[in-house]
Amino acid sequence: MDKGKKRELMDSYKNRTITGGVYCVQCSGNQRRWIKSTTDMAGSKSRFLYAVQTKSCPEPAMLRECTAYGIGSFSFVILEELVKKETQTAAEFADDINTLYELWLEKYKHEDLG
């Protein structure tokens, strides 16, 4: 790869839009939900889709449902997204995501969450 192309790819990566937020993994077999937060929504969704493709459990807390209902009964639902501002540090962005996560947990506090 030539230096110009490599520099272009690096600049593109550095200038990408970073999106985080709160998402839910839900099991349709028993309607159980796991509310999660991330500073990298695309990465979290990609890991979930990989688990589905390989028919593996997305995480140990979901193993009982994976065994009982199969990975095909799980869905990935984005509840709310935040775009990292140019002036925000990674820590500030993570704090904003955590605050958003706490609000969503409060909303679902009476439900069976993983």
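Residues numbered from 1 in each chain as written. Predicted model: local features only at pLDDT ≥ 70, side-chain atom pairs only at ≥ 80, totals over all residues. Heavy atoms only, no water.

**A few points about the overall build of the chain**
Phase 1 of the analysis: When you go through the chain residue by residue, the secondary structure sums to 4 helices and 3 strands.
Phase 2 of the analysis: Sequence-ordered secondary structure for the chain, helices as α and strands as β, is α-β-β-α-α-β-α.
Phase 3 of the analysis: The C-alpha radius of gyration of the chain comes to 17 Å, more than 25% above the 13 Å expected for a compact globule of 114 residues.
Phase 4 of the analysis: Judged by the C-alpha coordinates and their principal axes, the chain covers about 50 × 35 × 15 Å. (Helix = DSSP H or I, 4+ residues; strand = E, 2+ residues; numbered from the N terminus. Rg over C-alpha atoms; globule rule 2.2 N^0.38 Å.)

**A few points about the environment of Glu-80**
Phase 1 of the analysis: Note on placement: Glu-80 falls in strand β3 (residues 74–83).
Phase 2 of the analysis: In this structure Glu-80 touches Gly-20, Gly-21, Val-22, Met-41, Leu-100 and Trp-104, once residues within four positions along its chain are discounted.
Phase 3 of the analysis: One polar contact links Glu-80 to Trp-104, side chain to side chain, over a distance of 2.9 Å. (Contact = heavy atoms within 4.5 Å. Polar contact = N/O pair within 3.5 Å; in protein donor to acceptor, adjacent residues only side chain to side chain.)

**Let's talk about the packing of aromatic side chains**
Phase 1 of the analysis: Overall, the coordinates contain 4 aromatic pairs when judged by the stated rule.
Phase 2 of the analysis: Considering the side-chain rings of Tyr-23 and Phe-76, the 4.5 Å spacing of their centres and the 20° angle between planes classify their relative orientation as stacked. Linking Tyr-23 in strand β1 (residues 19–27) with Phe-76 in strand β3, this pair joins segments that are 53 residues apart in sequence. Here Tyr-23 matches Phe-76 in class, with each residue buried.
Phase 3 of the analysis: Joined through ring pairs, the aromatic side chains of Tyr-23, Phe-48 and Phe-76 make up one cluster. (Phe/Tyr/Trp six-rings, centres within 6.5 Å; stacked < 30°, edge-to-face > 60°. Buried < 20%, exposed > 50% of the residue type's maximum accessible area, 1.4 Å probe, protein only.)

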